[in-house]
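# Observations on the model geometry
Letter by letter, the chains look like this.
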Amino acid sequence: MSVSAILLLVGILSSIEVLEFTAAAPLVAPIVGICYGINGNNLPSKQEVVDMFKSRGIPRMRIYSPDEEIIQALRGSRIELVMDVAGDTIQSLTDPNVAADWVHRYITSYSQDVNFKYIVVGNEVHPNYDLAPYILPAMTNIQNAISSANLVTKVSTAIDTTLVTNSYPPNNSVFTADASPYIGPIINFLVKNEAPLLANLYPYFAYVNNQKDIDLHYALFTQQGTNDIGYQNLFDAMLDSIYAALEKIGAPNLEVVVSESGWPSAGGDGALVDNAHVYYFRLIKHAYSGSGTPKRPGRP
(Lines give C-alpha, C1' and ligand atoms only; values in the text may rest on other atoms or scores of the structure.)
Protein backbone atom coordinates (compact mmCIF):
# COMPACT_ATOMS: atom_id res chain seq x y z
CA MET A 1 0.00 0.00 0.00
CA SER A 2 2.99 2.31 0.37
CA VAL A 3 3.48 2.75 -3.38
CA SER A 4 -0.20 3.43 -4.01
CA ALA A 5 -0.29 5.93 -1.15
CA ILE A 6 2.43 7.99 -2.83
CA LEU A 7 0.89 7.73 -6.28
CA LEU A 8 -2.55 8.64 -5.02
CA LEU A 9 -1.11 11.71 -3.40
CA VAL A 10 -0.27 12.96 -6.85
CA GLY A 11 -3.74 12.12 -8.13
CA ILE A 12 -6.85 12.32 -5.95
CA LEU A 13 -6.34 13.32 -2.36
CA SER A 14 -9.49 11.48 -1.38
CA SER A 15 -7.58 8.24 -1.97
CA ILE A 16 -5.04 8.15 0.85
CA GLU A 17 -4.12 6.03 3.79
CA VAL A 18 -5.64 7.63 6.84
CA LEU A 19 -3.21 8.11 9.69
CA GLU A 20 -5.37 9.56 12.45
CA PHE A 21 -8.47 11.48 13.23
CA THR A 22 -8.96 13.17 16.54
CA ALA A 23 -11.96 15.13 17.75
CA ALA A 24 -11.64 14.75 21.49
CA ALA A 25 -13.45 18.01 22.17
CA PRO A 26 -15.46 20.47 20.10
CA LEU A 27 -12.53 22.90 19.98
CA VAL A 28 -10.05 20.29 18.69
CA ALA A 29 -10.02 19.97 14.91
CA PRO A 30 -9.81 16.46 13.42
CA ILE A 31 -6.43 15.55 11.92
CA VAL A 32 -5.95 13.37 8.87
CA GLY A 33 -2.49 12.34 7.71
CA ILE A 34 -0.80 9.88 5.38
CA CYS A 35 1.29 6.80 6.01
CA TYR A 36 4.48 7.16 3.95
CA GLY A 37 6.00 3.83 2.97
CA ILE A 38 9.13 3.63 0.86
CA ASN A 39 9.01 0.07 -0.48
CA GLY A 40 8.69 0.26 -4.24
CA ASN A 41 10.32 1.33 -7.48
CA ASN A 42 10.47 4.70 -9.25
CA LEU A 43 9.28 6.59 -6.19
CA PRO A 44 9.50 10.37 -5.85
CA SER A 45 12.42 11.67 -3.83
CA LYS A 46 11.82 12.05 -0.12
CA GLN A 47 12.09 15.81 -0.42
CA GLU A 48 9.46 15.77 -3.18
CA VAL A 49 7.12 13.78 -0.95
CA VAL A 50 7.55 16.20 1.94
CA ASP A 51 7.00 19.09 -0.47
CA MET A 52 3.72 17.43 -1.55
CA PHE A 53 2.64 17.21 2.08
CA LYS A 54 3.38 20.93 2.47
CA SER A 55 1.69 22.04 -0.74
CA ARG A 56 -1.43 19.99 -0.02
CA GLY A 57 -1.60 21.07 3.61
CA ILE A 58 -1.37 17.51 4.95
CA PRO A 59 -0.59 17.96 8.66
CA ARG A 60 0.65 14.53 9.72
CA MET A 61 2.93 11.79 8.40
CA ARG A 62 3.71 8.27 9.59
CA ILE A 63 6.98 6.59 8.65
CA TYR A 64 7.83 3.00 9.50
CA SER A 65 11.44 3.43 10.60
CA PRO A 66 13.72 6.35 11.40
CA ASP A 67 14.79 7.77 8.04
CA GLU A 68 17.09 10.72 8.52
CA GLU A 69 16.61 11.93 4.95
CA ILE A 70 12.88 12.23 5.59
CA ILE A 71 13.42 13.75 9.03
CA GLN A 72 15.82 16.32 7.55
CA ALA A 73 13.27 17.20 4.87
CA LEU A 74 10.64 17.78 7.57
CA ARG A 75 12.70 20.43 9.36
CA GLY A 76 10.67 23.58 9.86
CA SER A 77 7.58 22.12 8.18
CA ARG A 78 5.38 21.84 11.29
CA ILE A 79 4.14 18.49 9.95
CA GLU A 80 3.51 16.16 12.89
CA LEU A 81 5.60 13.01 12.59
CA VAL A 82 4.56 9.57 13.81
CA MET A 83 7.70 7.46 13.63
CA ASP A 84 7.98 3.71 14.08
CA VAL A 85 10.99 1.98 15.58
CA ALA A 86 12.43 -0.44 13.05
CA GLY A 87 11.41 -3.96 14.04
CA ASP A 88 14.94 -5.33 13.95
CA THR A 89 16.15 -2.79 16.51
CA ILE A 90 13.40 -3.20 19.12
CA GLN A 91 15.15 -5.95 21.09
CA SER A 92 18.31 -3.83 21.43
CA LEU A 93 16.26 -0.97 22.88
CA THR A 94 15.53 -3.03 25.99
CA ASP A 95 18.97 -1.75 27.05
CA PRO A 96 18.36 1.74 28.53
CA ASN A 97 21.69 3.04 27.22
CA VAL A 98 20.94 1.91 23.68
CA ALA A 99 17.49 3.48 23.93
CA ALA A 100 18.99 6.75 25.16
CA ASP A 101 21.41 6.79 22.23
CA TRP A 102 18.56 6.02 19.81
CA VAL A 103 16.44 8.87 21.17
CA HIS A 104 19.39 11.27 20.99
CA ARG A 105 20.20 10.33 17.38
CA TYR A 106 16.71 10.30 15.92
CA ILE A 107 14.63 12.60 18.13
CA THR A 108 16.57 14.98 20.35
CA SER A 109 18.93 16.00 17.56
CA TYR A 110 15.99 17.16 15.45
CA SER A 111 13.50 18.19 18.13
CA GLN A 112 14.04 21.94 17.74
CA ASP A 113 12.47 21.99 14.28
CA VAL A 114 10.78 18.60 13.73
CA ASN A 115 7.44 17.92 15.41
CA PHE A 116 7.56 14.34 16.72
CA LYS A 117 4.02 13.35 17.73
CA TYR A 118 4.27 9.64 18.55
CA ILE A 119 6.98 6.99 18.57
CA VAL A 120 5.55 3.58 17.66
CA VAL A 121 7.24 0.54 19.17
CA GLY A 122 5.91 -2.49 17.31
CA ASN A 123 3.40 -2.53 14.46
CA GLU A 124 0.75 -5.26 14.78
CA VAL A 125 2.87 -7.41 17.08
CA HIS A 126 0.95 -10.45 18.36
CA PRO A 127 1.56 -12.05 21.76
CA ASN A 128 3.06 -15.19 20.19
CA TYR A 129 5.63 -13.27 18.14
CA ASP A 130 9.29 -13.49 19.14
CA LEU A 131 9.30 -9.71 19.40
CA ALA A 132 6.42 -9.52 21.88
CA PRO A 133 8.43 -9.74 25.15
CA TYR A 134 10.57 -6.78 24.08
CA ILE A 135 7.81 -4.31 23.21
CA LEU A 136 7.01 -2.94 26.67
CA PRO A 137 10.64 -2.73 27.92
CA ALA A 138 11.61 -0.87 24.75
CA MET A 139 8.62 1.46 25.10
CA THR A 140 9.56 2.17 28.70
CA ASN A 141 13.20 2.94 27.90
CA ILE A 142 12.36 5.18 24.97
CA GLN A 143 9.76 7.10 27.00
CA ASN A 144 12.23 7.53 29.86
CA ALA A 145 14.86 8.88 27.47
CA ILE A 146 12.36 11.26 25.86
CA SER A 147 11.20 12.50 29.27
CA SER A 148 14.80 12.99 30.38
CA ALA A 149 15.27 15.25 27.37
CA ASN A 150 12.22 17.30 28.48
CA LEU A 151 10.29 16.45 25.32
CA VAL A 152 6.54 15.82 25.18
CA THR A 153 6.51 13.13 22.47
CA LYS A 154 4.46 10.09 23.48
CA VAL A 155 5.42 6.45 23.00
CA SER A 156 2.89 3.82 21.97
CA THR A 157 2.40 0.65 19.93
CA ALA A 158 0.05 -0.13 17.03
CA ILE A 159 -2.30 -3.11 17.23
CA ASP A 160 -4.61 -4.76 14.74
CA THR A 161 -8.16 -5.83 15.45
CA THR A 162 -7.36 -9.57 15.64
CA LEU A 163 -6.41 -8.99 19.29
CA VAL A 164 -10.12 -8.40 19.96
CA THR A 165 -12.85 -11.04 19.93
CA ASN A 166 -16.66 -11.13 20.35
CA SER A 167 -16.78 -7.93 18.33
CA TYR A 168 -20.46 -8.10 17.35
CA PRO A 169 -22.10 -6.21 18.80
CA PRO A 170 -19.14 -3.97 19.62
CA ASN A 171 -20.10 -3.61 23.29
CA ASN A 172 -19.42 -7.33 23.77
CA SER A 173 -15.81 -7.08 22.64
CA VAL A 174 -12.93 -8.26 24.80
CA PHE A 175 -9.26 -8.82 24.21
CA THR A 176 -8.57 -12.46 23.41
CA ALA A 177 -7.32 -14.77 26.13
CA ASP A 178 -3.91 -14.84 24.46
CA ALA A 179 -3.76 -11.08 23.98
CA SER A 180 -4.83 -9.96 27.45
CA PRO A 181 -1.59 -10.86 29.33
CA TYR A 182 0.41 -9.15 26.57
CA ILE A 183 -1.65 -6.02 26.04
CA GLY A 184 -2.68 -5.42 29.66
CA PRO A 185 0.72 -4.16 30.92
CA ILE A 186 1.12 -2.09 27.76
CA ILE A 187 -2.25 -0.44 28.39
CA ASN A 188 -1.22 0.29 31.98
CA PHE A 189 1.92 1.98 30.60
CA LEU A 190 -0.14 4.08 28.19
CA VAL A 191 -2.58 5.16 30.90
CA LYS A 192 0.27 6.10 33.22
CA ASN A 193 1.99 8.17 30.53
CA GLU A 194 -1.25 9.65 29.11
CA ALA A 195 -0.42 8.22 25.70
CA PRO A 196 -2.97 6.78 23.24
CA LEU A 197 -3.23 3.24 21.93
CA LEU A 198 -2.70 3.14 18.18
CA ALA A 199 -4.89 0.85 16.08
CA ASN A 200 -4.79 -0.15 12.42
CA LEU A 201 -8.39 -0.52 11.22
CA TYR A 202 -9.18 -2.22 7.92
CA PRO A 203 -12.89 -2.80 7.29
CA TYR A 204 -11.90 -4.32 3.94
CA PHE A 205 -10.43 -7.41 5.56
CA ALA A 206 -13.44 -7.86 7.83
CA TYR A 207 -15.71 -7.57 4.79
CA VAL A 208 -13.74 -9.86 2.48
CA ASN A 209 -13.51 -12.57 5.15
CA ASN A 210 -17.23 -12.47 6.00
CA GLN A 211 -19.20 -11.35 2.96
CA LYS A 212 -22.16 -13.44 4.08
CA ASP A 213 -22.82 -11.18 7.06
CA ILE A 214 -21.13 -7.90 6.09
CA ASP A 215 -22.63 -5.85 3.29
CA LEU A 216 -20.29 -3.91 1.00
CA HIS A 217 -22.22 -0.68 1.59
CA TYR A 218 -21.71 -1.07 5.35
CA ALA A 219 -17.96 -1.43 4.81
CA LEU A 220 -17.80 1.54 2.42
CA PHE A 221 -19.76 4.05 4.55
CA THR A 222 -22.54 4.06 1.91
CA GLN A 223 -25.22 2.23 3.89
CA GLN A 224 -28.45 4.20 4.23
CA GLY A 225 -29.33 4.63 7.89
CA THR A 226 -28.14 2.47 10.76
CA ASN A 227 -28.35 -1.27 11.35
CA ASP A 228 -30.11 -3.04 14.22
CA ILE A 229 -27.31 -2.18 16.65
CA GLY A 230 -27.17 1.49 15.69
CA TYR A 231 -24.18 1.57 13.33
CA GLN A 232 -24.04 3.15 9.90
CA ASN A 233 -20.58 1.81 9.02
CA LEU A 234 -18.16 -0.97 9.86
CA PHE A 235 -15.27 1.35 10.69
CA ASP A 236 -17.12 2.81 13.69
CA ALA A 237 -18.10 -0.65 14.87
CA MET A 238 -14.49 -1.84 14.71
CA LEU A 239 -13.24 1.21 16.59
CA ASP A 240 -15.91 0.88 19.26
CA SER A 241 -15.02 -2.80 19.71
CA ILE A 242 -11.56 -1.69 20.79
CA TYR A 243 -13.02 0.87 23.19
CA ALA A 244 -15.27 -1.83 24.67
CA ALA A 245 -12.31 -4.17 25.14
CA LEU A 246 -10.37 -1.37 26.83
CA GLU A 247 -13.25 -0.75 29.21
CA LYS A 248 -13.27 -4.40 30.23
CA ILE A 249 -9.54 -4.42 30.89
CA GLY A 250 -9.83 -1.34 33.14
CA ALA A 251 -8.91 1.52 30.78
CA PRO A 252 -12.23 3.19 29.89
CA ASN A 253 -10.67 6.60 29.26
CA LEU A 254 -7.73 5.55 27.11
CA GLU A 255 -7.75 7.31 23.74
CA VAL A 256 -7.49 5.25 20.57
CA VAL A 257 -5.71 6.78 17.58
CA VAL A 258 -6.35 5.28 14.16
CA SER A 259 -2.85 4.77 12.82
CA GLU A 260 -3.72 3.07 9.51
CA SER A 261 -6.72 2.38 7.35
CA GLY A 262 -7.23 1.70 3.68
CA TRP A 263 -8.98 -0.11 0.86
CA PRO A 264 -7.18 -1.92 -1.99
CA SER A 265 -7.79 -0.95 -5.60
CA ALA A 266 -6.96 -4.40 -7.03
CA GLY A 267 -6.17 -7.97 -6.02
CA GLY A 268 -9.26 -9.24 -4.21
CA ASP A 269 -13.03 -9.28 -3.88
CA GLY A 270 -14.34 -5.73 -3.85
CA ALA A 271 -10.84 -4.40 -4.50
CA LEU A 272 -11.68 -1.84 -7.15
CA VAL A 273 -10.47 1.69 -7.83
CA ASP A 274 -14.02 3.02 -7.46
CA ASN A 275 -14.50 1.27 -4.11
CA ALA A 276 -11.15 2.55 -2.85
CA HIS A 277 -12.10 6.08 -3.88
CA VAL A 278 -15.45 5.86 -2.13
CA TYR A 279 -13.92 4.40 1.03
CA TYR A 280 -11.20 7.03 1.39
CA PHE A 281 -13.49 9.92 0.50
CA ARG A 282 -16.19 8.84 2.94
CA LEU A 283 -13.73 7.99 5.73
CA ILE A 284 -12.06 11.37 5.51
CA LYS A 285 -15.43 13.10 5.38
CA HIS A 286 -16.49 11.12 8.45
CA ALA A 287 -13.29 12.03 10.28
CA TYR A 288 -13.67 15.74 9.55
CA SER A 289 -17.30 15.70 10.61
CA GLY A 290 -16.16 15.26 14.22
CA SER A 291 -19.20 13.06 14.86
CA GLY A 292 -17.16 10.27 16.44
CA THR A 293 -18.70 6.83 16.93
CA PRO A 294 -21.86 5.64 18.70
CA LYS A 295 -19.74 4.73 21.72
CA ARG A 296 -17.65 7.90 21.60
CA PRO A 297 -19.81 10.61 19.99
CA GLY A 298 -17.82 13.73 19.18
CA ARG A 299 -14.62 11.92 20.11
CA PRO A 300 -12.14 9.57 18.46
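Anything mentioned here points back to the structure above.
Now for a look at the structure at hand.

Criteria and thresholds
- Residues numbered from 1 in each chain as written.
- Predicted model: local features only at pLDDT ≥ 70, side-chain atom pairs only at ≥ 80, totals over all residues.
- Heavy atoms only, no water.
- Core = buried A, V, L, I, M, F, W, Y, C linked by side-chain atoms within 4.5 Å.
- Buried < 20%, exposed > 50% of the residue type's maximum accessible area, 1.4 Å probe, protein only.
- Helix = DSSP H or I, 4+ residues; strand = E, 2+ residues; numbered from the N terminus.
- Contact = heavy atoms within 4.5 Å.
- Expected span 1.5 Å × (residues − 1).
- Arc of directions from axis to C-beta.
- Phe/Tyr/Trp six-rings, centres within 6.5 Å; stacked < 30°, edge-to-face > 60°.
- Lys NZ or Arg CZ within 6 Å of the ring centre and 35° of its normal.
- Polar contact = N/O pair within 3.5 Å; in protein donor to acceptor, adjacent residues only side chain to side chain.

### Focus on the nonpolar core
Membership of the largest hydrophobic core comes to 80 residues, with the highest contact counts inside it found for Met61, Met83, Trp102, Ile119, Ile142 and Phe175. In terms of residue count, helix H9 (residues 234-248) provides more of this core than any other element does, 9 residues in total. Once residues within four sequence positions are removed from consideration, phenylalanine 175 is found in contact with Ile159, Leu163, Val164, Ser180, Ile183, Ile187, Ala245, Leu246 and Ile249. Val82, Val120, Leu198 and Val257 belong to the second largest nonpolar core, which has 6 residues in total.

### Overview of the environment of glycine 225
Tracing the backbone through its elements, the reader meets glycine 225 in the loop between helix H8 (216-219) and H9. Between the C-alpha atom of glycine 225 and that of aspartate 113, which follows or precedes it by 112 residues, the distance is 46 Å. In this structure glycine 225 touches Tyr231 and Gln232, once residues within four positions along its chain are discounted.

### Overview of helix H10 (residues 273-289)
Taking 1.5 Å per residue as the helical rise, H10 with its 17 residues ought to reach 24 Å, and the 24 Å between its terminal C-alpha atoms agrees with that figure. Looking at H10, one finds that the buried residues are Asn275, Ala276, Tyr279, Tyr280, Leu283, Ile284, His286 and Ala287. All buried residues of H10 project into a common sector of 160 degrees when viewed along the axis, lining one side. Exposed positions of H10 whose direction lies more than 90 degrees from the buried face are Val273, Asp274 and Lys285. Those residues of H10 that are buried are in contact with helix H7 (203-208), H8 and H9. Phi turns positive, to about 70 degrees, at glycine 290, one or two residues after H10.

### Re the packing of aromatic side chains
Under the criterion given, the structure shown has 9 aromatic pairs. The ring of tyrosine 243 has arginine 296 sitting right over it, with the charged end atom 4.3 Å from the ring centre.

### Some thoughts on H9
With 15 residues, H9 extends 21 Å between its outermost C-alpha atoms, agreeing within 8% with the 21 Å of an ideal straight helix rising 1.5 Å per residue. Counting buried positions over the 15 residues of H9 gives 13, a clear majority of the element. With a side-chain oxygen lying 3.2 Å from the backbone nitrogen of phenylalanine 235, the N-terminal cap of H9 falls on asparagine 233. Backbone geometry just downstream of H9 places glycine 250 in the positive-phi region, at approximately 95 degrees.

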